[in-house]
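Spelled out from the first residue to the last, the chains are:
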Amino acid sequence: LRRLGISAQMANETSSATIEQLFSTLTAEIVRHGGGVIKLIGDGLIACFTRTALGEQHAGLACAAALALHNHMRTYGATPSLAASLTLHLRVGLHSGPFTAVTLGDHTHAEILLTGPSIGQAQAALDAAKPGETIISEATRVAAGALSRP
């Protein structure tokens, strides 16, 4: 789970273009690391790095993606034209565990619903993260394996 804090200080047209560009770039970074964006929610998004698709590397790839997103946000937020009008913050919460994905709806509109305790644990990690931080659960730390602490 990732959440951006975007201030409402910009004109709507500029804000829309900026947010569209930013989400496109962040989504591309998630995909580059093997993940997929499940849902956009306001100024946040939900991404999955599944063991089924990525094997035992899934947690490490999710952590690497989080670092890449933070690096991108620092660069993006330092753009002089944006710095004067937009405050960007990225918070990331990562958890590894089973979940159920259910597609709801029909051919006119469908939504993916993610359920299970793992979703709540990912949300709790996100809620605990301060702007500029990534919080990973113990399960993700163990699944990532080779992560070292400074």
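Refer to the structure presented above.
Residues numbered from 1 in each chain as written. Predicted model: local features only at pLDDT ≥ 70, side-chain atom pairs only at ≥ 80, totals over all residues. Heavy atoms only, no water.

I tried to follow the pattern of salt bridges on my own but got confused; where do I start?
A side chain with one charge may pair with a side chain of the opposite charge, provided their charged atoms come close. What the rule picks out here adds up to four salt bridges. The partner of Lys39 in a salt bridge is Glu111, with the nearest N and O atoms 3.0 Å apart. With Lys39 in strand β2 (residues 36–41) and Glu111 in strand β6 (residues 109–115), the pair connects residues that are 72 residues apart, well separated along the chain. With its nearest N and O atoms 3.6 Å apart, the salt bridge here joins Glu56 to Arg51. Exposure remark for Glu56: the relative accessible area of 58% places this residue in the exposed category. (Salt bridge = Lys/Arg side-chain N within 4 Å of Asp/Glu carboxyl O. Helix = DSSP H or I, 4+ residues; strand = E, 2+ residues; numbered from the N terminus. Buried < 20%, exposed > 50% of the residue type's maximum accessible area, 1.4 Å probe, protein only.)

Explanation requested: the nonpolar core in the structure shown.
Note on soluble globular proteins: their nonpolar side chains tend to be buried together. Of all hydrophobic cores here, the largest spans 21 residues; its most connected members are Leu22, Ile30, Phe49, Met73 and Leu94. At the level of elements, α1 (12–32), β3 (44–48), α3 (58–77) and β4 (88–94) are the ones that each hand at least two residues to this core. Per-element accounting of this core gives the leading share, eight residues, to α3. (Core = buried A, V, L, I, M, F, W, Y, C linked by side-chain atoms within 4.5 Å.)

I keep staring at a nonpolar patch on the surface and nothing clicks. Help me out?
Among the surface-exposed residues, Val102, Leu104 and Leu113 lie close enough to one another that they form a single nonpolar patch of about 220 Å² accessible area. Following the sequence through the fold, Val102 ends up in strand β5 (residues 100–106). (Patch = residues over 30% accessible without salt bridge, like charges linked within 9 Å, V, L, I, M, F, W, Y side chains within 5 Å. Areas by Shrake-Rupley, 256 points an atom, 1.4 Å probe, with all protein chains shown as cover.)

How should the pairing of β3 be read in this particular structure?
In summary, the side chains of a regular strand alternate between the two faces of the sheet. Most of β3 sits out of view: five of its five residues are buried. Two elements, β2 and β3, share five bridges in a ladder whose sense is antiparallel. By the bridge assignment for β3, Lys39 is matched with Ile46. Hairpin connection, β2 to β3: the antiparallel pair is bridged by two residues, and Gly42 has positive phi, about 55°. (Pairing = 2+ DSSP bridges.)

I keep staring at the environment of Glu138 and nothing clicks. Help me out?
Inspection of the secondary structure puts Glu138 in helix α6 (residues 138–144). When the C-alpha positions of Glu138 and His95 are compared, they lie 7.9 Å apart, and in sequence the two are 43 residues distant.

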